[in-house]
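Chain and residue survey
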Amino acid sequence: GAVVSQHPSWVICKSGTSVKIECRSLDFQATTMFWYRQFPKQSLMLMATSNEGSKATYEQGVEKDKFLINHASLTLSTLTVTSAHPEDSSFYICSASNKSRGTETQYFGPGTRLLVL
Amino acid sequence: AQKITQTQPGMFVQEKEAVTLDCTYDTSDPSYGLFWYKQPSSGEMIFLIYQGSYDQQNATEGRYSLNFQKARKSANLVISASQLGDSAMYFCAMRERTYNQGGKLIFGQGTELSVKP
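Quick summary incoming for the structure in this document. Treat the numbers as computed from the prediction; the structure is a model and nothing was measured. (Residues numbered from 1 in each chain as written. Chains lettered and ligands numbered in written order. Predicted model: local features only at pLDDT ≥ 70, side-chain atom pairs only at ≥ 80, totals over all residues. Heavy atoms only, no water.)

**Topic: the pattern of salt bridges**
Residue and element names in this part refer to chain A. Counted under the stated rule, the structure contains 6 salt bridges over all chains. Between aspartate 88 and lysine 66 there is a salt bridge whose closest N-O contact spans 2.7 Å. Remark: lysine 66 occurs in the loop between strand S6 (57-58) and strand S7 (67-73) and aspartate 88 occurs in the loop between strand S8 (76-81) and strand S9 (90-100); sequence separation between them is 22 residues. By relative accessible area, which is 11% here, lysine 66 ends up buried. (Salt bridge = Lys/Arg side-chain N within 4 Å of Asp/Glu carboxyl O. Helix = DSSP H or I, 4+ residues; strand = E, 2+ residues; numbered from the N terminus. Buried < 20%, exposed > 50% of the residue type's maximum accessible area, 1.4 Å probe, protein only.)

If you want it as structure tokens, here you go:
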């Protein structure tokens, strides 16, 4: 149980285009999902917390207009990188919270590698 | 201030031997949770083990155990009988029960474990 999918797994796009990444919880409902960014050989950096039916909470330094987050249902959150530029190239990974054995645990998707040319 | 510290950027272990990955944390919240995740080269984050601050016993999950020393604020991961497939990055993470943070995780810098045949 507690499977999270992410789509696409790889995306290459031209500078200036927008890219949408989907995060789905497959076998549980998640009121809260999280979006992270990770550079090579570095730790995960939380970008925003996505709550179903409300606006996302962004971490300090993350541009809200650049990284649009929509959590329209209990199983789906999307991250749209608007007007992508080469510096946005990174590994984006989402997670969804699920309560298991009385503990709230974050389960992660497989991640999306974005390359902006 | 760094809240989660992993002081070992890289570790080597011989196959079938046990290895300990260090993690220290800092928090003033009496209620918190500690997590360990494994990230293979493919990128997905795999949940390994959880320890709650009020748990009396050290957590165990198969070959993984968490050496929780609350007074020293350490939560070391012990992997017994290492296997080649254990080679990966390992991240320690903490969740504080702060209302506004929505249960977000704070990650350490990670430790890259290499298992030698």
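**Brief notes about the interface of chain A and chain B**
Taken together, the contact between chain A and chain B spans 22 residues of the former and 22 residues of the latter. Overall, the association of chain A and chain B removes approximately 1,600 Å² of surface from exposure, summing both partners, and the carbon and sulfur fraction of that is 50%. Between chain A and chain B we count 2 salt bridges in total. Note that lysine 41 of chain A and glutamate 112 of chain B form a salt bridge whose closest N and O atoms lie 3.5 Å from each other. Within the residue set of the side of chain A that touches chain B, elements represented by two or more residues are strand S4 (32-38), strand S5 (44-51), S9 and strand S10 (103-108) of chain A. (Contact = heavy atoms within 4.5 Å. Buried area = accessible area lost by both parts, 1.4 Å probe.)

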